[in-house]
Amino acid sequence: QQPVQSPQAVILREGEDAVINCSSSKALYSVHWYRQKHGEAPVFLMILLKGGEQKGHEKISASFNEKKQQSSLYLTASQLSYSGTYFCGTEVMGTSYDKVIFGPGTSLSVIP
Amino acid sequence: SQTIHQWPATLVQPVGSPLSLECTVEGTSNPNLYWYRQAAGRGLQLLFYSVGIGQISSEVPQNLSASRPQDRQFILSSKKLLLSDSGFYLCAWSSQGNNSPLHFGNGTRLTVT
């Protein structure tokens, strides 16, 4: 039931772009995205609902393909502050509302 | 505004000792409450979640238990800790409904020796 994330890790130079993918074998209500800095708690980035919407937050945006049960997080013109581990969290249809299961995470390192 | 408090920040406990971690939320009512565990360098494993007082859903069979004695209080307990219980324990809350983000506490780093 845990979603799959890819890639497992990525290293970028400042200004480069990255895409992180999250997929589920189950139909989803929603997909959440969080970023966690080392030793800190995860911080909410955005949530996408079924319906194939796309959201943006400055240079970070995401999409949700309801038919494929896949979500992608897009980081453009990366900054050093984007470094961290990115987790997608999924709410699966047919299960309890509000139960959020996280993927294994994608480690992103931005270097000068 | 809503705040979440989690304590202690760090804890070192011997194998076989009991555990009690507490989490409280302020500024909201009837929140969903969660306990996640993160092993070193690993992902977030859902342990328990609660949609109301006395309502606890357990996700992973283990020697841990959770209780919600009050609306905004969530407690994680163990009678006898195992080495494998070491990790970063995170409490989180969300509003009722399936479009609500999780808001995490600062976590408790537990080392079982």
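## Considering the environment of Ser6(A)
Residue and element names in this part refer to chain A. Mapping Ser6 onto the fold places it in strand β1 (residues 4-6). Given a relative accessible area of 35%, Ser6 falls into the partly exposed group. Look past the residues within four positions of Ser6 in its chain and what remains in contact with it is Val19, Ile20, Asn21 and Thr106.

## Some points on the nonpolar core
Trp33(A), Leu73(A), Leu75(A), Tyr86(A) and Leu108(A) are the most contacted members of the largest nonpolar core, which has 22 residues in total. Counting residues per element, the ones that place at least two in this core are β2 (9-13), β3 (18-23), β4 (28-36), β5 (43-49), β7 (60-65), β8 (70-75), β9 (84-92) and β11 (106-111) of chain A. Trp35(B), Leu76(B), Tyr89(B) and Trp93(B) belong to the second-largest nonpolar core, a separate cluster that totals 19 residues.

## Things to note about the pattern of salt bridges
Residue and element names in this part refer to chain B. Evaluation of the coordinates by the stated rule reveals three salt bridges over all chains. The residue Arg37 makes a salt bridge to Asp85 at a minimum N-O spacing of 3.5 Å. Remark: Asp85 occurs in the loop between β8 (73-78) and β9 (87-94) and Arg37 occurs in strand β4 (residues 32-38); sequence separation between them is 48 residues. Accessibility expressed as a relative area gives 11% for Arg37, which makes it buried. Residue Asp85 is classed as buried on the basis of its relative accessible area of 2%.

What counts and how
Residues numbered from 1 in each chain as written. Chains lettered and ligands numbered in written order. Predicted model: local features only at pLDDT ≥ 70, side-chain atom pairs only at ≥ 80, totals over all residues. Heavy atoms only, no water. Helix = DSSP H or I, 4+ residues; strand = E, 2+ residues; numbered from the N terminus. Buried < 20%, exposed > 50% of the residue type's maximum accessible area, 1.4 Å probe, protein only. Contact = heavy atoms within 4.5 Å. Core = buried A, V, L, I, M, F, W, Y, C linked by side-chain atoms within 4.5 Å. Salt bridge = Lys/Arg side-chain N within 4 Å of Asp/Glu carboxyl O.

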